[in-house]
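Listed here are the chains, written in short residue letters.
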Amino acid sequence: MPTLFERIISGEIPSDRVYEDEVCVAFRDIAPQAPVHVLVVPRKPVPALDGGLDAALAGHLLMVASKVAQQEGLMKGYRVVINCGRDGGQTVDHLHIHVLGGRSLTWPPG
């Protein structure tokens, strides 16, 4: 059964896309935790950070996260988050990178 993100990538579920290429799609989170909250998701279904991710894909996703932050005007800074596993806060079994910004972010996050 396809994940939520596979359904978004295929267009079955609409999304507010801010970037896409042949490797990944970036779209606004439907439950934003900051004024800017974008998810960068690989088209290839990788279940988690520790589940089949290769260096080329990891590098590409991080470069896209940086590009999205610049595109969204996050000049004062931003946070990039990858949740892994249930205890790490991952709720969809499809690797995704959160790009958060637009306000001062506190630490620790949760």
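Further up the page is the structure itself.
Residues numbered from 1 in each chain as written. Predicted model: local features only at pLDDT ≥ 70, side-chain atom pairs only at ≥ 80, totals over all residues. Heavy atoms only, no water.

1. Concerning the environment of Ile13
- Note on placement: Ile13 falls in the loop between helix H1 (4-10) and strand E1 (17-20).
- Judged by relative accessible area, Ile13 falls into the partly exposed class, the value being 22%.
- Setting aside residues no more than four positions away along its own chain, Ile13 makes contact with Leu4, Arg7 and Ile8. (Helix = DSSP H or I, 4+ residues; strand = E, 2+ residues; numbered from the N terminus. Buried < 20%, exposed > 50% of the residue type's maximum accessible area, 1.4 Å probe, protein only. Contact = heavy atoms within 4.5 Å.)

2. Some thoughts on a nonpolar patch on the surface
- Side chains of Leu62, Tyr78 and Val80 sit close together on the surface and give an oily, nonpolar patch of about 250 Å² of accessible area.
- Locating Leu62 in the fold gives a position in helix H2 (residues 55-71).
- Relative accessible area serves as the criterion here: at 44%, Leu62 is assigned to the partly exposed category. (Patch = residues over 30% accessible without salt bridge, like charges linked within 9 Å, V, L, I, M, F, W, Y side chains within 5 Å. Areas by Shrake-Rupley, 256 points an atom, 1.4 Å probe, with all protein chains shown as cover. Salt bridge = Lys/Arg side-chain N within 4 Å of Asp/Glu carboxyl O.)

3. Description of the layout of surface pockets
- The volume enclosed by the largest pocket comes to roughly 690 Å³.
- Considering the residues around the largest pocket, the lining is formed by 31 residues, among which Asp29, Ala31, Gln33, His37 and His98 are closest to the centre.
- Listing elements by their share of the lining of the largest pocket, those giving two or more residues are H1, strand E2 (24-28), strand E3 (36-42), strand E4 (78-81) and strand E5 (97-101).
- Ranked by residue count, the leading element in the lining of the largest pocket is H1, at three residues.
- Broken down by class, the residue content of the lining of the largest pocket amounts to 15 nonpolar, 11 polar and five charged. (1 Å grid on protein atoms, 1.4 Å probe; cavity = no way out; pocket = protein on both sides within 12 Å on 5 of 7 lines; lining within 4 Å. Points joined across faces, edges and corners; volume = space filled by probe spheres on them. Nonpolar A, V, L, I, M, F, W, Y, C, P; charged D, E, K, R; others polar.)

4. What to know about the sheet that holds E3
- Across the sheet, five strands lie side by side as E1-E2-E3-E5-E4; this open sheet has antiparallel pairing. The open sheet terminates on both sides in strands that have one partner only, identified here as E1 and E4. Strand after strand, the sheet turns through a mean of 20 degrees between neighbouring axes, direction not considered.
- Sheet analysis places E2 next to E3, joined by five bridges and oriented antiparallel. When the bridges of E3 are listed, Ala26 appears paired with Val40. (Pairing = 2+ DSSP bridges. Axes fitted to C-alpha atoms, helices over the stretch in contact; angles between N-to-C directions.)

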